[in-house]
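# Residue-level structural notes
Here's the letter readout for the chains.
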Protein chains: 2
Amino acid sequence: MKDNHKPIRPLLEYFDRVISLTDDEKELVRTKFKPHLYLKRQFVLQHGNICKTFNFVVRGCLRLYKVSSDGTYHVLQFANENHWILDLTSFHKHKPALFNIDALEDTQVLRISYDDLIDLYIKAPKFDRIFRVLLENHFMQQQERLAQLVSFTAEERYEAFLNTYPDLQDRLPQVQIAAYIGVTPEFLSRIRKRLAENNG
Amino acid sequence: MKDNHKPIRPLLEYFDRVISLTDDEKELVRTKFKPHLYLKRQFVLQHGNICKTFNFVVRGCLRLYKVSSDGTYHVLQFANENHWILDLTSFHKHKPALFNIDALEDTQVLRISYDDLIDLYIKAPKFDRIFRVLLENHFMQQQERLAQLVSFTAEERYEAFLNTYPDLQDRLPQVQIAAYIGVTPEFLSRIRKRLAENNG
């Protein structure tokens, strides 16, 4: 019960759902992952900087996005409770990030540095399995996102958004969802109206 | 030396570069991965079917693509020697594939089924580490591809293609590279000419 009301608890539960942890492994997680609070609109990562942490969202919502040369915002991923977010190439290869990550709400994260993650794999190889599964899930979501971007209609992309993020539909501003779908907020309104009529 | 001239050898070398395998683990790889030859133009996976194998290319070249409703081909990934290719969601969740995979050349693969892969993880947890690293590499490539699709110019996408697939530039037909960049073959010709002039 000692993790009650502490931000580490959702992370331990997340790991436990993949494979149960020993007390020593739980202690390792407590040592390696550091809590951090990002206020709404604060940057977790800015394009061109190095992504120094692998981030788990305990409470709140982050987005990963790019701005194209014409000023359009492209949101590629949201991360709310129990989701992970980072620029993986920047994190692993210590290269300038291609993406921005910022907070859409005040967001409590647990984050681990590259060196600590490598040390975690060495000290407890069980985390190889946990992160193998975590990366599989992330990879599946990204492969579907690629399919959506090249060949889905806006309406299909909105339906995919509802499936991927069932909790975010009524929580996020219309403009953020529109930037994920790749349409204007006005066009998103029309999609929502049409879907409501079809279902009503 | 016993794997000389056998297709299993490049795969064992690939795994060995991540973490060295014992003789028992190598034997397990020989049992679990089956060789298969796809002839040029043959399908590895058709959209709507279940992706039943995780595929490692020994020799040749495969592509993963989608066709949008207007008939446009979108190539999302090539896999030549020492690369992996599959529809991960279909493979893991036994759901209809979103993508097609076919052979651009006669292609020798080593492939493993879902049940065999799970059994491999159980019998030799070292493969959790190997596939964790493999998935990281794949994930990085996909995250970069997402950035390219939403915010790179055609010329930047072509340069990214050259970086990702240094061996394929002179090997693939122009039309395949164009379908990866997202332009017509004529437009790709103009990009190549412009880049040659700038470098010449």
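Above this text sits the structure in question.
My aim in this report is to walk through the structure given alongside it, one point at a time.

Cut-off values and rules
- Residues numbered from 1 in each chain as written.
- Chains lettered and ligands numbered in written order.
- Predicted model: local features only at pLDDT ≥ 70, side-chain atom pairs only at ≥ 80, totals over all residues.
- Heavy atoms only, no water.
- Pairing = 2+ DSSP bridges.
- Helix = DSSP H or I, 4+ residues; strand = E, 2+ residues; numbered from the N terminus.
- Axes fitted to C-alpha atoms, helices over the stretch in contact; angles between N-to-C directions.
- 1 Å grid on protein atoms, 1.4 Å probe; cavity = no way out; pocket = protein on both sides within 12 Å on 5 of 7 lines; lining within 4 Å.
- Points joined across faces, edges and corners; volume = space filled by probe spheres on them.
- Parallel < 35°, antiparallel > 145°, perpendicular 65-115°, else oblique.
- Contact = heavy atoms within 4.5 Å.
- Nonpolar A, V, L, I, M, F, W, Y, C, P; charged D, E, K, R; others polar.
- Salt bridge = Lys/Arg side-chain N within 4 Å of Asp/Glu carboxyl O.
- Buried < 20%, exposed > 50% of the residue type's maximum accessible area, 1.4 Å probe, protein only.
- Least-squares fit on C-alpha atoms with pLDDT ≥ 70 in both.
- Buried area = accessible area lost by both parts, 1.4 Å probe.
- Polar contact = N/O pair within 3.5 Å; in protein donor to acceptor, adjacent residues only side chain to side chain.

### Structural notes on the sheet that holds strand β2 (residues 43-45) of chain A
All names here are of chain A. Pairing is antiparallel across the open sheet formed by four strands, whose spatial order is β2-β7-β4-β5. Of all strands in the sheet, those with a lone pairing partner are β2 and β5 (73-79), marking the two edges. Pairs of neighbouring strands in the sheet enclose a mean axial angle of 30°, with direction left out of account. With four bridges joining them, strand β4 (residues 62-67) and strand β7 (residues 100-103) adopt antiparallel strand pairing. Following the sheet pairing, L64 is matched in β7 by I101.

### Description of empty space enclosed by the protein
Taken as a whole, this structure holds one cavity of 30 Å³ or more when the rule is applied. Roughly 110 Å³ of internal volume is contained in the largest cavity. Lining the largest cavity are 13 residues, and of these A:L76, A:Q77, A:Q141, A:Q142 and A:R145 sit closest to its centre. Every element with two or more residues in the lining of the largest cavity is listed here: β5 and α5 (126-151) of chain A together with α5 (126-151) of chain B. When residues in the lining of the largest cavity are grouped by element, the largest group, five residues, is from α5(A).

### With respect to the packing of helix α7 (residues 174-181) of chain B against helix α8 (residues 185-199) of chain B
Residues and elements named next belong to chain B. Interhelical geometry of α7 versus α8 gives an angle of 90° and a closest axis separation of 9 Å. Judged on the interaxial angle alone, α8 and α7 are roughly perpendicular. Packed against α7, whose contacting residues are Q174, V175, I177, A178 and I181, the element α8 presents P185, L188, S189 and R192 at the interface. Class assignment for the residues of the contact of α7 with α8 results in six nonpolar, two polar and one charged.

### Overview of the pattern of salt bridges
One pass over the full model with this rule turns up 28 salt bridges over all chains. The shortest N-O distance in the salt bridge between B:K126 and B:E25 comes to 2.8 Å. Of the two residues, B:K126 is situated in helix α5 and B:E25 in helix α2 (residues 23-32); the sequence distance between them amounts to 101 residues. Owing to a relative accessible area of 22%, B:K126 belongs among the partly exposed residues under this scheme. B:D102 is the salt-bridge partner of B:R63, the closest N and O atoms lying 2.7 Å from each other. Linking B:R63 in strand β4 (residues 62-67) with B:D102 in strand β7 (residues 100-103), this pair joins segments that are 39 residues apart in sequence. Residues B:R63 and B:D102 agree in their burial class; the two are buried. Several salt bridges converge on common partners, so that one network encompasses A:K32, A:D116, A:D119 and A:K123.

### Remarks on the relation of the copies chain A and chain B
At an RMSD of 0.0 Å, chain A and chain B line up after a rotation of 180° and a shift of 0.0 Å along the axis. When the rotation and shift are considered jointly, the pair of chain copies conforms to a two-fold rotation axis. In terms of C-alpha distance to the rotation axis, chain A has A:R132 as its closest residue, with the C-alpha 2.1 Å off the axis. Looking at chain A, 100% of its interface residues are interface residues in chain B too, so the copies touch through the same face.

### Quick look at the interface of chain A and chain B
In this assembly, 34 residues from chain A lie in contact with 34 residues from chain B. For the pair chain A and chain B, the summed buried surface comes to about 3700 Å²; carbon and sulfur atoms form 68% of the total. Between B:D128 and A:R129 there is a salt bridge; the shortest N-O distance is 2.7 Å. Where chain A packs against chain B, one counts 16 residue pairs in polar contact (both at pLDDT 80 or more).

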